[in-house]
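Topology and contacts: notes
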Amino acid sequence: MENYVWELTHALVRAGQHVFVLCEQCHSQTGPAIDVVELGKVPPMPRWLAQLMFSRKITQYTQSVRLDDTVIHSHERSAVHQVTTFHGPPFRNRKKKVLDFLSPRIHAWTYLEKREVCGGQVQAVLPNSSLTGAQLKHFYPAAADRIMEPAYPGVSPSFSAIKSQSDGKTIGFMGREWKRKGLNLAVAIVGRLRLQDPAIKLRVAGCDPAEIKHLFADWQGGYELSGWVEPEDFLAKIDLLIHPARAEPFGMVIAEANAAGIPVIVSDQCGIAPLITDRQGDVIPLENQDRWVTTCQKAMQDKRPVAPLSLSWDDLAEQHIELYRGILSY
């Protein structure tokens, strides 16, 4: 989410817009025409309480300054925005428990999310995928008319310049939240592929090797646990990306792999899935493991060029500028 905001604000500036950012703390030097207002770090505490305190700071600041001809676009749980980007998944899309009503955390997150989507001042909700948009419409039908078409993240041009350093036999998986993103399924799928071709390897990045080493207890080599690495370095060393996620609001690594010319095999629970055709890879239901195996095997053998999705931050900025102009002229 932070990278989305960084790239979008700089793309808006390239398109001639003036941007000011409200945040707790800025960790990098921004470009020209971006004014950064640091509201200060919230003391360590439960995240839901920190969200409430940060939201209060935003409200206090916006009430202290003039904001004529300004659209407030939030990527957090604020109370004053006209536009919000929802990076998903919705908090309400979770497995409920009997004693949920006793949890102040659940009450707070539910309140913050409903306010973000259904607040009286909200004119547009931008989901990061059609999957997230459909979930929001399900949980907040009263706000359906303000839930817009997806605002897909862009991909840096640097990914298109990646030069392959792989051997043609490496399948990659990347993700910090490895359970949600289906690493155990990826291990099972690649394990079956290795029965047919022991030269195939699985490279895993983005998560702590100590947390996932048990998944490879029955393997005799054939895998690499890289921990955290830069996405460009990871993608340069794989030939196929596998992403059998159980729930993935978008799937940034999928878009980045596509930009690098790498085929992608993903689950139908990924927000990016509607964009993937046989020119980029394939989309497969989670429960059909046989199809995962045969499709990955075919993709490893197929050397056709991958068609780029051409998701750019500049195009995303133009989508936002059109929306902002409509709000300001309303």
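Below is a short write-up of the structure. Throughout, a residue's number is its position along its own chain's written sequence, starting from 1. With pLDDT at 70 or above as the cut-off, local features in this predicted model cover only qualifying residues; side-chain atom pairs require 80 or more to be listed or tallied, and sums for whole chains, interfaces and linings still use all residues. Excluded from the side-chain calculations are hydrogens and water; all other atoms, namely the structure's heavy atoms, are used.

Re the overall build of the protein
What counts here: Under the DSSP-based scheme used, a helix requires at least four consecutive residues in state H or I and a strand at least two consecutive residues in state E, with every element numbered from the N terminus. Radius of gyration here is computed from C-alpha atoms only, and the compact-globule reference equals 2.2 Å multiplied by the residue count raised to the power 0.38. Residue contacts follow a heavy-atom distance rule, with two residues in contact if any of their heavy atoms lie within 4.5 Å. Residue exposure ignores everything except the shown protein chains as possible cover, and the areas themselves are Shrake-Rupley values with a 1.4 Å probe. His is not counted here, nor are the chain ends, while Lys and Arg score as positive and Asp and Glu score as negative. Every charge is mapped onto a representative atom, which is NZ of Lys, CZ of Arg, CG of Asp or CD of Glu.
Regarding its fold elements, the protein presents ten helices and eleven strands. The C-alpha atoms of the protein give 21 Å as radius of gyration, which agrees with the globular expectation for 330 residues (20 Å, within 12%). Based on the C-alpha atoms only, the size of the protein along its principal axes is roughly 65 × 50 × 35 Å. Looking at the protein alone, contacts between residues at least 24 apart form 61% of all its contacts between residues at least 6 apart. Of the roughly 17000 Å² of accessible surface on the protein, 53% is carried by carbon and sulfur atoms. The positive charge centre, built from 36 side chains, and the negative charge centre, built from 36, are 6 Å apart in the protein.

Details of the sheet that holds strand β4 (residues 83-86)
Under the convention used in this document: Two strands pair under a simple rule: DSSP has to find at least two bridges between them. Axis lines are fitted to C-alpha atoms, over the contacting stretch for helices. Their N-to-C directions set the angle, which ranges from 0 to 180 degrees.
With respect to topology, three strands assemble into an open sheet ordered β3-β4-β5, the strand pairing being parallel. Edge positions in the sheet fall to β3 (73-74) and β5 (124-127), since each of these pairs with one other strand and no more. Bridge count for β3 against β4 is two bridges, and the pairing is parallel. Across the sheet, S74 pairs through a bridge with T84, a residue of β4. Packing of helix α3 (residues 104-118) onto the sheet brings it into contact with β4 and β5, and relative to β4 it is tilted by some 125°.

Examining the pairing of strand β6 (residues 170-174)
Our working definition: Buried, partly exposed and exposed residues are distinguished by accessible area as a fraction of the type maximum, computed with a 1.4 Å probe on protein chains only: under 20%, between the cut-offs, and over 50%, respectively. Seen with its strands pointing away from the viewer, a crossover is right-handed if its path from the first strand over the helix to the second goes clockwise.
Among the five residues of β6, five are classified as buried, and the element is accordingly described as predominantly covered. By the alternation rule, side chains of β6 split into T170, G172 and M174 and I171 and F173, which are all buried. In terms of strand pairing, β6 meets strand β7 (residues 201-205) through five bridges, oriented parallel. Bridged to G172 within β7 is R203. In this fold, the crossover linking β6 to β7 by way of helix α5 (residues 183-196) has right-handed handedness. Here β6 pairs with strand β9 (residues 240-243) via two bridges, running parallel. Bridged to I171 within β9 is L240.

Overview of the nonpolar core
Here is the rule we go by: The set of buried Ala, Val, Leu, Ile, Met, Phe, Trp, Tyr and Cys residues whose side-chain atoms join them within 4.5 Å is what this entry labels a nonpolar core.
In terms of nonpolar packing, the biggest core is built from 29 residues, with F234, L235, L241, I254, V264 and I272 touching the most fellow members. Taken together, the elements giving at least two residues each to this core come down to α7 (231-235), α8 (252-259) and β10 (264-267). Considering every element that reaches this core, the biggest residue donor is α8, with five residues. Excluding residues that lie within four positions of it along the chain, V264 makes contacts with L240, L241, I254, A257, N258, I276, Q280, G281 and D282. Judged by nonpolar contacts, the second largest core, of 25 residues, contains A186, I200, L240 and I284.

Considering the sheet that holds β6
If you walk across this open sheet you meet the six strands as β8-β7-β6-β9-β10-β11, and the pairing is parallel. Bordering the open sheet on either side are β8 (223-227) and β11 (281-284), each of which pairs with just one other strand. The average angle at which neighbouring strand axes cross in this sheet is 20°, direction not considered. Lying over the sheet, α8 contacts β6, β9 and β10, oriented at roughly 165° with respect to β9.

Digging into the packing of aromatic side chains
To be explicit about the condition: Centre distance within 6.5 Å is the pairing criterion for rings of Phe, Tyr and Trp, where only the six-membered ring of Trp is used; planes under 30 degrees apart are then read as stacked, over 60 as edge-to-face, and the remainder as tilted.
Taken as a whole, this structure holds six aromatic pairs when the rule is applied. An angle of 85° between the planes, with centres 5.5 Å apart, marks the rings of Y4 and W313 as edge-to-face. Here the residue Y4 occupies a position in helix α1 (residues 2-14), and W313 occupies one in helix α10 (residues 313-328), the gap between them amounting to 309 residues. For Y4, a relative accessible area of 5% translates into the label buried. Taking the relative accessible area as the measure of exposure, W313 reaches 6% and is therefore buried. Centre to centre, the rings of F216 and Y223 are 4.3 Å apart; their planes meet at 20°, and the pair counts as stacked.

All we've got here are geometric facts, nothing functional implied.
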